[in-house]
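# Coordinate analysis (summary)
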Amino acid sequence: MTTELLKVTGLTKSFSGVAALKNGQFTLEKGTIHALCGGNGAGKSTFLSIVMGIQKRDRGTITFNGTEVDFSSPSEALAAGISIIEQELSPVPAMTVAENMYLGREPLARFGRIDFKKMNANAQAMLDELHFSISATEVMMDLPVAKTQLVEIAKALSYRSEIIIMDEPTSALGEAEADQLFDAIKALRERGKGVIYVSHRLSEIFNIADSYTVFRDGQYIGDGAIADIDRESMIQMIVGRPLTEEFVKDNVPSTKPSLQVENMSAQNGVRDIDFCAHKGEIVALYGLMGSGRSEIFERLFGLSPYIAGNLLIDGVQTTISTPSEAIEQGLAFVTEDRKRSGLVLSATVRSNICLAHLDFLGFGPVMSTKKEAASAAEMIKQFSIKTSNDQLEVSGLSGGNQQKVVLGKWFLTSPRILLLDEPTRGVDVGAKREIYKVISDFATDGGTILFASSEIDEVLGMADRVIVLKNGRIAGELANADLTAENLVHLAA
Amino acid sequence: MTNIDDSQSRQKLLLIGQKYGILFALVLICVVLSITSEYFLTTRNILNVLRQTSINGILAIGMTFVILTRGIDLSVGSVVALAGIVSASLATTSGTAMVAGGPYPAFIAISVGLIVGMGCGAISGVVVSRFAVPAFVATLGMLSAARGLTLLYAGGRPVPALTPEFRWIGTGDLFGIPMPVVIFAVVFLVSVWVLNATRFGRHVYAAGGNPHAATVSGISVKNIRLIVYVISGALAGLAGMILAARTGSALTQAGIAYELDAIAAVVIGGTSLAGGVGRITGTLIGALLIGVVNNGLDLLGVESYYQQVIKGVLIVAAVMLDQARHKQE
């Protein structure tokens, strides 16, 4: 009993009669890294929010270090020794790294003043201990997303809790940062802490976790040691049916050039970018944080100003200065952060799907509700978007379905060239495969795909060719036999 | 399995509650007033209320466009005065204003007034959209500057003795309905149509709901932001001219604090200051609510200062309802 840090049995929670979790079961041993797996809607978030005291359970027991507990607020859970690194990053942008890390527990000096010196020193010490090269006095909003995630990780670890829950902690991290995180997690394990690791990235789970628990459809499905299970069986437990393949790739690239970039420069020091993507080809851009992938996309799509270089589409010299010009040229851009730049969350599924194609869904300046409804219905069918009604707010959909709405929006514009920035980020295994099929079908039909990804498996599984970026320059191109994980990591680092 | 549908229906209920809630409140207040005051439900009084609400209503409709894009227009009161004074100076029989050539036909005076309004709006719009100055600051500047221009233009004096032709938009009527109400109705109907049925309307909602996503989807958020201020300015100009026509004289202190009533109507009507959510019909009900409450308190002999307190309470209550709706997400 004393080796069990956390034991949960019979955890049940319903929202207005709909069960989100039925008889949830979970055991976390001291000094282990325990993966919590399951697709969207599996009940993982509900489970975690109950453990963290954000929600109250209907039934069930939670035992922490041998004593039964019932947290009614996150601060209670935190005080008891459970901290969480949330999936959604929500720092205070105008404050510094140190201020964010010590929010609510700022060290005080005489007369109740904040002891900034101590706060900054402690924060920096924590960051250095983790080998995160971040300055504690930097302002949060100046940091790129990856560093923001590292700060959130450092913050959670600074509580020195017994249990640390990590929800998709590497979603914004490149290979090197992820390795730093894994080192930190292993160090926690040595110290006898317990880590609950929630992730859709199976390679990470098989890399770092000792044990696992799988939820599906709000039910506990099974648990065990990672050493005793393989990837296919895990996928089967998560999805509920055998996935014949994780990736879908049926396309055969042609030799007809579609998108040619010569001597292109973009923001943040991206220079000398030369490549040619062909019709029917899936080209991946692989690189670490700061390597320039998003900058290249933003320049191609007219979201950042022209600096230098030539662009040829289907052999014709073109300039693109605004997104609407890009759309006219047949480009589509699925951005990295759908909540920030892909969807209008307060708007309906229908209006989001129609958003990039409004000019064609009416008569002159007047819109046609009929055309809009028909277009939305077409995309909902094509992408199997799970929503009971297209007039519901898109914020209510799961991550995978939201991503499909974004894809639906772009496919409505009948693009020839698809730019995808981390297309399966925050998307569960089942929906991921559907997105891979979309990519494969698009290429089979003669479209060109350029996608940026930091998941090596995805790159190896889907790409015909990989352009590796490093520090804003092209470090190399890999294809066929040369396209291996080792070569990718070697070039990118 | 998922509780998506549940939170959706709860959302819908709150939305309906919010939209129709103010309607119920309005109806309820009308019922109460018709019982407690024998004058409330008379034709004369109803037309009074509508007439008095028209000016704020027109301003509030322009404000709705702006607030939908996450902006705000604090300058409308000053534009009311400026457009009023400039257009009046073209339609006055006295020699007080700076315009030579005697009174001009009303349609010229009115056109000039609209141009003045649009000009002020365009300046605010350019400062907000091209120079990324926060709307609050940009329109605060315009509030000051336009008021100053008003005083400069008229030499600090009112412009009286307006031509009957010009005065007709304020004092005339069409089939028994006062002209301000007619104009308000037309502005209302056109605005509803523009926001709901046109591509521009979709763009306005997208630009306010998520400017990033709208930009990536090919919408020029900059242009949308500029145009909504021009609309607000034009409607402020229109309201200014109606006000001058009604009072018979354009005053340099016309429109002071009018922007607050306009914003109150918009917020009470359910449009979110966060942008992307809201309806013109809501603004209409919000404006009517303020107008009816003011009227009712007048009829019941309540001091006008209480009216201000009640208006303040209404605004806060409306925003609290709005927050409750957002919390569901």
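Throughout what follows, the structure given in this document is the object of discussion.

Regarding its fold elements, chain A presents 17 helices and 22 strands. Here chain A has a C-alpha radius of gyration of 24 Å; the compact-globule value for 493 residues is 23 Å, and the two agree. On the principal axes, the C-alpha backbone points of chain A span a range of 70 × 50 × 50 Å. Relative to its full complement of 493 residues, chain A shows a buried share of 48%. Considering only contacts within chain A whose residues lie at least 6 apart along the sequence, 69% involve residues at least 24 apart.

Residues and elements named next belong to chain A. When you tally the buried positions in strand β13 (residues 282-287), you get six out of six residues, the bulk of the element. Residue alternation in β13 divides its side chains into two sets, Ile282, Ala284 and Tyr286 and Val283, Leu285 and Gly287, and both sets are buried. Summarising the sheet, β13 and strand β20 (residues 448-453) pair through five bridges and their orientation is parallel. In the sheet register, Ala284 faces β20, and the bridge partner there is Phe451. Inspection of the sheet shows β13 paired to strand β21 (residues 465-470) by five bridges, in the parallel sense. Residue pairing across strands places Gly287 opposite Leu469, the latter belonging to β21.

For the rest of this paragraph, the subject is the sheet that holds strand β16 (residues 331-334) of chain A. Residue and element names in this part refer to chain A. Ordered by their spatial adjacency, six strands build an open sheet running β16-β19-β20-β13-β21-β22, and the pairing between neighbours is mixed. Of all strands in the sheet, those bounded by a partner on one side alone are β16 and β22 (473-479). Sheet twist, expressed as the average angle between the axes of neighbouring strands with direction ignored, equals 20°. Inspection of the sheet shows β16 paired to strand β19 (residues 417-421) by four bridges, in the parallel sense. Following the sheet pairing, Ala332 is matched in β19 by Leu418. Each of β13, β19 and β20 is contacted by helix α15 (residues 429-444), which is oriented at about 150° to β20, the strand it contacts most. With respect to the sheet, helix α17 (residues 485-492) is in contact with β13, β21 and β22, its orientation differing from that of β21 by roughly 30°.

All names here are of chain A. Ordered by their spatial adjacency, four strands build an open sheet running β12-β11-β14-β15, and the pairing between neighbours is antiparallel. The open sheet is flanked by β12 (270-278) and β15 (316-318), the only strands paired with a single partner. Geometrically, the sheet is characterised by an average inter-axis angle of 20° between neighbouring strands, direction not taken into account. Direction of pairing for strand β11 (residues 257-266) relative to β12: antiparallel, over a ladder of six bridges. In the strand pairing of β12, Val261 is matched with Phe275. The sheet strands contacting helix α9 (residues 293-300) are β11 and β12, and the helix crosses β11 at an angle near 110°.

Before going further, it helps to examine the interface of chain A and chain B. With 37 residues of chain A at the contact, the number on the chain B side is 28 residues. Counting residues per element, the ones that place at least two in the side of chain A that touches chain B are β2 (18-29), α10 (323-328), α11 (338-342) and β18 (366-367) of chain A. Along the lines of polarity and charge, the residues of the side of chain A that touches chain B split into 19 nonpolar, 13 polar and five charged.

Note on placement: Gly362 of chain A falls in strand β17 (residues 362-363). Apart from the residues within four sequence positions on either side, Gly362 of chain A is in contact with Met367, Ser368 and Lys371 of chain A together with Arg199 of chain B.

Before going further, it helps to examine unusual backbone geometry. You will see that Glu168 of chain A, though not glycine, has its phi angle at about 50°, which is positive. In this structure, Glu168 of chain A sits in the loop between β7 (163-167) and α6 (175-190). Positive phi outside glycine occurs at Phe175 of chain B, with the angle close to 50°. Relative to the elements of secondary structure, Phe175 of chain B occurs in the loop between β1 (173-174) and β2 (177-178).

What counts, and where the lines are drawn
Residues numbered from 1 in each chain as written. Chains lettered and ligands numbered in written order. Predicted model: local features only at pLDDT ≥ 70, side-chain atom pairs only at ≥ 80, totals over all residues. Helix = DSSP H or I, 4+ residues; strand = E, 2+ residues; numbered from the N terminus. Rg over C-alpha atoms; globule rule 2.2 N^0.38 Å. Buried ≥ 20, exposed ≤ 12 C-beta atoms within 10 Å, placed from the backbone. Contact = placed C-beta atoms within 7 Å. Pairing = 2+ DSSP bridges. Axes fitted to C-alpha atoms, helices over the stretch in contact; angles between N-to-C directions. Nonpolar A, V, L, I, M, F, W, Y, C, P; charged D, E, K, R; others polar.

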